[in-house]
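Next come the chains, spelled out residue by residue.
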Amino acid sequence: MSKNLQEILRGTRPLASQHGANRHRVDTERWQLITGRLGRGLDMLALWADPAEVHMAVRASDGGALVIVSHKIKDGVFPSVAAHHPAAGLAERIIRDLNGVHGDATPDGRLWLDHGNWPLSAPLSPTPQAAQKVPPYTFLGAEGEGIHQIPVGPVHAGIIEPGHFRFFCVGETVVRLEARLGYTHKGIEKLLEGKTPLQAAPIAARISGDSTVAYALAFARACESATGTEIPERAHWLRALLAELERLANHCGDVGAICNDAAFALMHAHFGLLREDILHAANLSFGHRLMMDVIVPGGVSHDLDTAGEKVLRTLFDGLRARLPDLIDLYDNTPSLQNRTRNTGTLSAELAAKFGTGGYVGRAAGREFDARKATPYPPYDQLDFDVPCLEAGDVNARIWIRIQEIEQSLHLCDAILGRISKGDILVPLENTDTKPREGVALIEGFRGDIFMWLRLGKDGRITRCHSRDPSQYHWPLLEAVIENNIVADFPICNKSFNCAYSASDL
Amino acid sequence: MRKLLFKSIFANTATTDAPAPSPAALEELGKQVNKKAKALLGRSLAIRVVDAGSCNGCELEIHAVDNAVYDVSRFGIHFVASPRHADVLLVTGPTTRNMVTALKRTYAAMPAPKWVIASGDCACDGCVFADSYAVEGGLDAVLDVDLHIPGCPPTPTALLQGMLALMTA
Ligand code: SF4
């Protein structure tokens, strides 16, 4: 914990029920001291609410452990975080829609997830209300001569998740973009309530299909943190292998897809083949192409046998042999780089202020990777680099992915070299004694995923919250597209590849 | 680039053999798709995909159907950008309540005759999300479905088998 944070928290004690991270109840003065420093030395990792308290996970930007601070909610109101820290904007709107409580000076009172289509409102509150009448959405807009609007979505021309984008343009130039999401809201946090960790795991694994391994890992680690369960050594190594396979598959898919949005189909075709090879090998070695439900609370459900190991080694050799030509092709095609360089540029300042993770942050000078910053096994025993660039444009986000592909291949080799035989699954401990809370922060392919949960006396989940890296990426995407041309939106958008499902929950 | 293209010419083709149409799909379709429809479908199929709140796993595998290995376009099947061009509406996800209006409008914008595929366990019956306040729990609650392709997500082969069944039923 950094000195600043420590000083602010002096005189408070961590609550006994928390295992994986310290949670402190704080008064308004301390809460506001912390909020005032967000983006200026402190990073906000998540903001969510219970009926009685609002919780914020924070960590010093220059390192240290994650801390959770809680402030009580009085008459449905808490001291706004978003009023001081724009990155908290979406979280605060989500809290209002799901919990029915709001920040006192919240800068954006518009409904976000609640489009007026549910049979109730404030589904996470202990007393949900009748459905509310939701007024038509008002976009923030832009005024000036010749400004016109382009509405896009929620059904898009391509095969992607649904969301609405409203462009305000002058000629070809985007003056303002506003995303309107919530279309994929599935009520996941409510569904998780009342379930045992094992019943809830398949739901958590479907928060985002492309990150199913990452979410299953985050959920499992939060459960294990809450119950104080030690999983077998081999399970840790298998989990890392699964996580790196998922990263490889997604990064390969993304690099190809970004180039495809610049009409460079050759890269897309070749990276599509690499991705297909990875999924095929995943299916042979772990029994599912996306490796769904392999990571479970207590370990992993599917062991890797000798045949599977051989499949993976062949896969890695193949990838290593084919990648250099493709990287060369990207590097030596000026017409492609012409589209990716200086397009959708995110400033290092904004990246730091938002505490944004993943390739978006690392392409803009923020060297945060949960595998290194808050290491968890087996990454604490593995040697790898976290690539980081300064340019912040589409090109930088491509290069971060390419370098991470190389790092993941290197990690996979190391894992296969060091993994030892043994058990892969144990039952969770202490699930029916007293209420327990657990937390996890892990690195998915998009960035750091936060997961927090509380188990009741009966071992069932009373509250579970997850925060996807996209919660910070979405507003930044809106920011970087400003002054770019409309035709560059697809390539910017793909280079961010934000999650809809994991953001809407 | 020339080097890579040159290599590709002499490499073995990546594309798999065509799978047989799914028997289960043929049976489901046999009951519904009439002769006239079969004649109209001919040898090509234009598909409009709508994600009605999926976890995006289903989309990933639909993308895979389009890659060089499964190469769906060799069968005359294309994913189209507009519902106006589509014969088939392929829907994924547990049909979130927030997507119902957009989904119905997309269907309405398609010219008849038209068919509807529910793709993935979510679209078939809501999968793990079925009990939520925020979903309809499957596509049947909103549209008349001609073909259900189960799976979480359906593999590219399963998707191909379903689509081929629609063309041969
Ligand atoms: S069927 Fe499975 S993969 Fe498809 S959207 Fe539902 S949960 Fe995701």
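Starting from 1, residues in each chain are numbered consecutively following that chain's sequence as written. Lettering for chains starts from A, numbering for ligands starts from 1, and both go in the order in which the items are written. Per-residue local features are limited, in this predicted model, to residues with pLDDT of at least 70; the limit for side-chain atom pairs, both in listing and counting, is 80 or more; totals at the level of whole chains, interfaces and linings are taken over all residues. For the side-chain quantities, the full set of heavy atoms in the structure was used; hydrogens and water were omitted.

Trainee: What should I look at first to understand the sheet that holds strand β15 (residues 448-455) of chain A in this one?
Mentor: For sheets, the rule is that strands pair by backbone hydrogen bonds, running either parallel or antiparallel. Residues and elements named next belong to chain A. Should DSSP find at least two bridges between two strands, the strands are regarded as paired. By definition, any uninterrupted DSSP run of H or I lasting at least four residues is a helix, any uninterrupted run of E lasting at least two residues is a strand, and each is numbered from the N terminus. Strands sit in the order β14-β15-β16 across an open sheet of three strands; the sheet is antiparallel. What marks the edges here is a single partner per strand, and that holds for β14 (436-443) and β16 (461-467). Taking each pair of neighbouring strands and ignoring which way they run, the sheet shows an average axis angle of 10 degrees. Bridging between β15 and β16 involves six bridges; their strand directions are antiparallel. Working convention: axes come from line fits to C-alpha atoms, limited for helices to the stretch in contact. Angles between N-to-C directions cover 0 to 180 degrees.

Trainee: Is there a simple way to think about the sheet that holds strand β5 (residues 147-149) of chain B in this case?
Mentor: Residues and elements named next belong to chain B. Spatially, the five strands line up as an open sheet ordered β2-β1-β3-β4-β5, and their pairing is parallel. At either margin of the open sheet sits one strand with a lone partner, and together these are β2 (77-79) and β5. Strand after strand, the sheet turns through a mean of 25 degrees between neighbouring axes, direction not considered. Where strand β3 (residues 88-92) lies against strand β4 (residues 115-119), four bridges are found, and the strand directions are parallel. Of the residues in β4, the one forming a bridge with Leu-90 is Ile-117. Here a residue-residue contact requires only that any non-hydrogen atoms of the pair lie within 4.5 Å. Sitting on the sheet, helix α4 (residues 57-65) touches β1 (45-51), β2, β3 and β4, and the angle it makes with β3 is about 135 degrees.

Trainee: Quick question: what am I supposed to make of the nonpolar core here?
Mentor: The term nonpolar core refers to a set of buried residues drawn from Ala, Val, Leu, Ile, Met, Phe, Trp, Tyr and Cys, joined through side-chain atoms within 4.5 Å. When a residue's accessible area, from a 1.4 Å probe over protein chains only, is under 20% of the maximum for its type it is buried; when over 50% it is exposed; and in between it is partly exposed. A:Leu47, A:Met56, A:Phe219, A:Phe286, A:Leu312, A:Phe316 and A:Phe450 are the most contacted members of the largest nonpolar core, which totals 174 residues. With 13 residues, the top contributor of residues to this core is helix α7 (residues 233-260) of chain A. Listed in part, the 28 residues of the second largest apolar core include B:Ile62, B:Ile117, B:Leu160 and B:Leu164.

Trainee: Honestly, the site of the ligand in this entry has me stumped. Any pointers?
Mentor: For this purpose, a residue is taken to be near a molecule or strand whenever a single non-hydrogen atom of the residue falls within 4 Å of it. Lining the immediate environment of the ligand, one finds A:Arg206, A:Met292, B:Ser54, B:Cys55, B:Gly57, B:Cys58, B:Gly120, B:Asp121, B:Cys122, B:Gly151, B:Cys152 and B:Pro153. More than one chain reaches the ligand: the nearby residues come from chains A and B. Lys, Arg, Asp and Glu make up the charged group, whereas Ala, Val, Leu, Ile, Met, Phe, Trp, Tyr, Cys and Pro make up the nonpolar group; the residues left over, Gly among them, are polar. Its residues assigned to classes, the shell around the ligand shows six nonpolar, four polar and two charged.

Interpretation in functional terms is not warranted from these geometric data alone.
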